Amino acid sequence: MQSPWVSQCVQAVRYQYWDPEPHRYDMVSPDDKSARDSRVEIRQMLRHALSRLHELPALRSLSIRFGDISPQITELDLVRDDLSTILDALVFLGTSLPRPLESLSLTRLPPFHLPQYDLPAFCALRANLSLFEIHIASTDAWSGLITDPLPPGLISPCEPFFSHTLPLQILPPPSAATGLENLEALSLCFSDPVGIFYLRYSFAELYFPRLRALRLQHVQFSVARDAECFITQHGATLLELHLAHCQIAVEQNSDDEAGDDGFFDWPVVPRPWSDIYAEFTKKLGHLVFLDVQDPWWLSFPDRYVAYSTGEVMQFLEEGREDDTRELTEFQQTVKERAERSGTEYERECFPSSSKVYPY
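Definitions and limits used
Residues numbered from 1 in each chain as written. Predicted model: local features only at pLDDT ≥ 70, side-chain atom pairs only at ≥ 80, totals over all residues. Heavy atoms only, no water. Helix = DSSP H or I, 4+ residues; strand = E, 2+ residues; numbered from the N terminus. Buried < 20%, exposed > 50% of the residue type's maximum accessible area, 1.4 Å probe, protein only. Contact = heavy atoms within 4.5 Å. Salt bridge = Lys/Arg side-chain N within 4 Å of Asp/Glu carboxyl O. Expected span 1.5 Å × (residues − 1). Phe/Tyr/Trp six-rings, centres within 6.5 Å; stacked < 30°, edge-to-face > 60°.

Enquirer: Explain the overall build of the chain to me, please; I cannot follow it from the model alone.
Expert: On a plain count of helices and strands, the chain comes out with 10 helices and 13 strands. Burial status across the chain gives 50% buried among its 359 residues. A sequence separation of at least 24 residues applies to 82% of the contacts in the chain between residues at least 6 apart.

Enquirer: What's the story with the pattern of salt bridges in this structure? I'm lost.
Expert: A side chain of one charge can pair with a side chain of the opposite charge if their charged atoms are brought near each other. Inspection of the entire model under this criterion finds 8 salt bridges. A salt bridge links arginine 212 to glutamate 184; the shortest N-O distance between them is 3.0 Å. Highlighted residues: arginine 212 in the loop between strand 5 (185-194) and strand 6 (213-221) and glutamate 184 in the loop between helix 7 (159-170) and strand 5, separated in sequence by 28 residues. Taking the relative accessible area as the measure of exposure, arginine 212 reaches 18% and is therefore buried. Relative accessible area serves as the criterion here: at 27%, glutamate 184 is assigned to the partly exposed category.

Enquirer: Can you walk me through helix 4 (residues 76-96) in this structure?
Expert: Helical geometry: 3.6 residues make up each α-helical turn, so side chains three or four residues apart lie on a common side. A rise of 1.5 Å per residue sets the reference length of helix 4, with its 21 residues, at 30 Å; its end C-alpha atoms lie 30 Å apart and thus fit the reference within 8%. Buried residues of helix 4: Leu76, Val79, Asp82, Leu83, Thr85, Ile86, Leu87, Ala89, Leu90, Val91 and Leu93, and no others.

Enquirer: Help me understand the packing of aromatic side chains in this model?
Expert: The geometry of an aromatic ring pair comes down to the distance between the two centres and the angle between the two planes. This model, assessed by the stated rule, comprises 11 aromatic pairs. Relative to tyrosine 277, the ring of tryptophan 273 lies with its centre 5.4 Å away and its plane at 20 degrees, an arrangement referred to as stacked. In this pair, tryptophan 273 and tyrosine 277 both sit in helix 9 (residues 273-283), 4 residues apart, roughly one turn of the helix. Judged by its relative accessible area of 3%, tryptophan 273 is buried. Residue classification places tyrosine 277 among the buried residues on the basis of a relative accessible area of 4%. Feature note: the residues Phe161, Phe162, Phe190, Tyr201, Phe203, Phe208 and Phe230 constitute an aromatic cluster, connected by ring pairs.

Here's what the structure looks like:
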């Protein structure tokens, strides 16, 4: 930003934490840990840099990648301070941008609430977005964060983030007050399965009239059909769909009795993937790009999970023939539609999204 000419030309800015970074279950090396000990200095530099973004009149795109997917539990307070510092700067940016952002990416976002999310200036950042990318970090470590006593029925301090902060402050239904009415591309990716058990999140209120590209990761589908309907109601505009590591979550009936081997039978699946894929084939009539990646647990496909109070279990099966058949038909229908269009679809929204976000 030292050069006035450069300041006039910058359209996109990306901030990210240290490299190299460990994956979810890797140990942090002593060298990397030593580099992180200068966090206070880095925080001051980051605050200064963010505070001057309003000096970039051509700025259209902002991308921030936070720290680890699953930080060390001894670092949680420091990471929370980092997040608070960045949110303070974003709130200031929301009041001082010369024109609204068109693209905003928040990846590895820690899953807990801070008061800055409630401020109108934070909401101003998303007022005119055409692309919004949200990737939530793992709850593994953050569930151990020491907080005020949780409300009855909650078992993790992360739960309010998914039930309140995300649907009301970060990604609310579009309106003149909340913005997002011009959203064309949405990437909503979780590091843990989210939706039904126990990290509850609902798509029921969401509809974006211009949405043409959608990416969902680790979303739990269910008999409630909110995630399914969220997708199909965009059939008139949706051109590109990515489903990465999504599952169907089925409640285990508490009245079921264990068999002679001591194990419960798998519950009946009222709406399997075959029904969902058939619905997508019928209602997503403009789709020309499709990417479906199955979840896996060890060496087993993990398309279905059964859950009950305090427990979740994988269906350890190779999958259902009907699911495979309907997915193949869905994929073939999309492929043939794309070929008939006569022009190659340019994936300008998520050009590098063929990989699942790292654990």
